[in-house]
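Commentary on secondary and tertiary structure
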Amino acid sequence: MRRHPLMRILNAQTVALAGVLLLNWFLFPGFFDIAWQDGRFFGSLIDVLNRGAPVAILAVGMTVVIATKGVDLSVGAVMAVAGAVAATMVVDGYSAFTAIVVALAVGTLCGVWNGLLVALLDIQPIIATLVLMVAGRGLAQLITEGSIVTFSDPHLIFMGTGSFLGFPMAAVIALVLMIAVTLAVRRTAIGLFIEAVGINRSAATFAGIRSRMLLISVYALSGFCAAVAGIIVAADIRGADANNSGLWLELDAILAVVIGGTSLLGGRFSIPMAVIGAIIIQAMNTGILVSGFPPEFNLIVKAGVIILILVLQSPIAQQLLIFSRRNAGKRSTP
Amino acid sequence: MSILARLALAASIATALSTPLLAAEMTVGFSQIGSESGWRAAETSVTKQQAEERGIDLKFADAQQKQENQIKAIRGFIAQGVDAILVAPVVATGWDDVLTEAKEADIPVVLLDRGVDASEDLYLASVASDQVKEGRVAGQWLVDTVGDKECKVVELQGTVGSTPAINRKKGFEEAIAGHANITIARSQTGDFTRSKGKEVMEGFIKAENGGKDICAMYAHNDDMAVGAIQAMKDAGLKPGSDIYVVSIDAVPDIFAAMVAGEANATVELTPNMAGPAFDVLAAYLKDGTKPEKFIITESKLYTPADNPQGEYDTRKGLGY
């Protein structure tokens, strides 16, 4: 049975997002106000898109990694590395374009390193990427020499604070990346290969999928995404903060993927839903900021909402929902 | 050159050399936490500078944020027979054994910047800033600046539950307590970082009528203030005049903001903890003068009237 298109949009994630946004509106009546100012949109909703973009970008790469039954803990550290590379290069007089290209290349290389550990040495992904999670931040601190490297290159700053058609550049980049990667995996057989490797790597290999190459590419994509996020975050504050850039964001990215309904056991995945997951997380953060709760409540509120979303998504809750619908259906038929 | 002139030259060189040589008899081991922040890096370089100025032979050990490394370093200093030890303790607990070892070896220990939960007679003195006072100085500046005008303050707190965040909040609240015209309208944590400071300020601006209702922004450190300044500029507000900006630490970038007219005041957390420590050590080693146990560094207020460009230039080289 084909579901009505409207029903396909109406899933746990979009309902949760609508719920969080409504809650924000309830706590802060001006939440949906959007003004046009200095050639760009201005408002809390725009903040949600702008601030949620780095995690959304991480989530794009993370979804694909998790779909192969892996995980990439190093994305936060890779963000710091990429930011540090871009910032030190523009400070040393290279053009913003060169700096960005090199930073993206370094991020991708970090991903390839993870991929080699996972695919060739068969190290468990959580351990393999933990290596770079620890070492990467040290590497970033080495590049910046422990201080915040500030820069004033307008092109690089544009990546973080600029706007395109009135929308924040970070959100536009996230959207483009999401669409590009989704098309690349869904309009080709790659998505199927990823799911196959995630469900059973040996079976997939026997079926003729080059699982090693696939795994390395998937981790490289995650590293690339992390580099994009790192450049955006550095550009946003006009400085590379090796100690704090991307700190704990790997956990937010994994959470976004999980909220998006992708199983940590590999297989079934959805990139747009993971991006919505990232926006849900950010909507909570922004909501807490405008609501005026004391900061001691931040984490408790966040945890409460996340538990609620995950319970709603759990197979048991879904079955109960279907069951009650069916029952309601029976009763209405005479 | 006559013999006399040569002799005079030789004598002058000898005296010039002998002064630092005499002082170099003092060897001090310094166990630093690591390089977790720009301030920490500045503390390290100022300590090295101070030691050099005084002709002290400084043995430096970086603990990379680990207590076991610090304990190892201190045991190493004891084995080398240094004259004194400086420690910036990474955590408060677990120091009794190693401090007792130092005491038994008759080596005085001075704590820098942070305290420890150990018996007071195990160390000679501790040099630290008074974080409550820092908050109070910042609050007092605001009280003096706004006078009787109504003033809604937004506060960017440090990491929830951290000692500096609790104390700097407390001090600021003490200073504005008697002034009903100054109220803290919103207070959230920016985790001491630039990006969180910017994000939180964006939220505050939205929540307070596009920022028009905000009279002043108080940040528990300069980095958050620098982020918040960018958020104000992005929202079309003028930091420094539309919204007063007051923060704590006195890192170079806040002086750059002052030069641009975007920050109004900062309270210094001096990276020179070692200077006072060396002073008390010199006095103690010379004739056994017992110093004050808890030495509090000055919490100096800097405003745009205090030559921010000059401060920026001198601080930039310290590794902040």
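Residues numbered from 1 in each chain as written. Chains lettered and ligands numbered in written order. Predicted model: local features only at pLDDT ≥ 70, side-chain atom pairs only at ≥ 80, totals over all residues. Heavy atoms only, no water.

**Describing the side chain of E268 of chain B**
Residues and elements named next belong to chain B. Along the chain, the position of E268 falls in strand β10 (residues 265-268). The buried category is assigned to E268, whose relative accessible area is 11%. Among the polar contacts listed, one links the side chain of E268 to the side chain of R315, at a separation of 2.9 Å. (Helix = DSSP H or I, 4+ residues; strand = E, 2+ residues; numbered from the N terminus. Buried < 20%, exposed > 50% of the residue type's maximum accessible area, 1.4 Å probe, protein only. Polar contact = N/O pair within 3.5 Å; in protein donor to acceptor, adjacent residues only side chain to side chain.)

**Digging into the state of the cysteines**
Scanning the model with the defined rule gives 1 disulfide over all chains in all. A disulfide bridge connects C151 of chain B with C215 of chain B, and the sulfur atoms are separated by 1.9 Å. Disulfide C151 of chain B-C215 of chain B: torsion about the S-S bond near -80°, hence left-handed. With C151 of chain B in strand β6 (residues 151-157) and C215 of chain B in the loop between α7 (194-207) and β8 (216-219), the pair connects residues that are 64 residues apart, well separated along the chain. Using a relative accessible area of 2% as the deciding quantity, one classes C151 of chain B as buried. C110 of chain A forms no disulfide, and the closest cysteine sulfur to it belongs to C225 of chain A, at a distance of 13 Å. On the basis of relative accessibility, which here comes to 10%, the residue C110 of chain A falls in the buried class. (Disulfide = S-S within 2.5 Å.)

**A short note on the packing of aromatic side chains**
In total, this model carries 9 aromatic pairs over all chains according to the counting rule given. Each ring, one from F293 of chain A and one from F297 of chain A, has its centre 6.4 Å from the other, and the planes form 40°; the classification is tilted. Taking the centre distance of 6.0 Å and the plane angle of 90° together, the rings of W141 of chain B and Y244 of chain B count as edge-to-face. Highlighted residues: W141 of chain B in helix α5 (residues 131-146) and Y244 of chain B in strand β9 (residues 244-249), separated in sequence by 103 residues. Taking relative accessible area as the criterion, W141 of chain B reaches 12% and is therefore assigned buried. For Y244 of chain B, a relative accessible area of 18% gives the class buried. (Phe/Tyr/Trp six-rings, centres within 6.5 Å; stacked < 30°, edge-to-face > 60°.)

**Side note on the pairing of strand β1 (residues 34-37) of chain A**
All names here are of chain A. The pairing of β1 with strand β2 (residues 40-43) spans 4 bridges and is antiparallel. Bridge pairing in β2 links I34 to G43. Here β1 hands over to β2 after 2 residues, with D38 in that stretch at a positive phi of 50°. (Pairing = 2+ DSSP bridges.)

Limitation: the analysis is restricted to geometry and does not speak to function.
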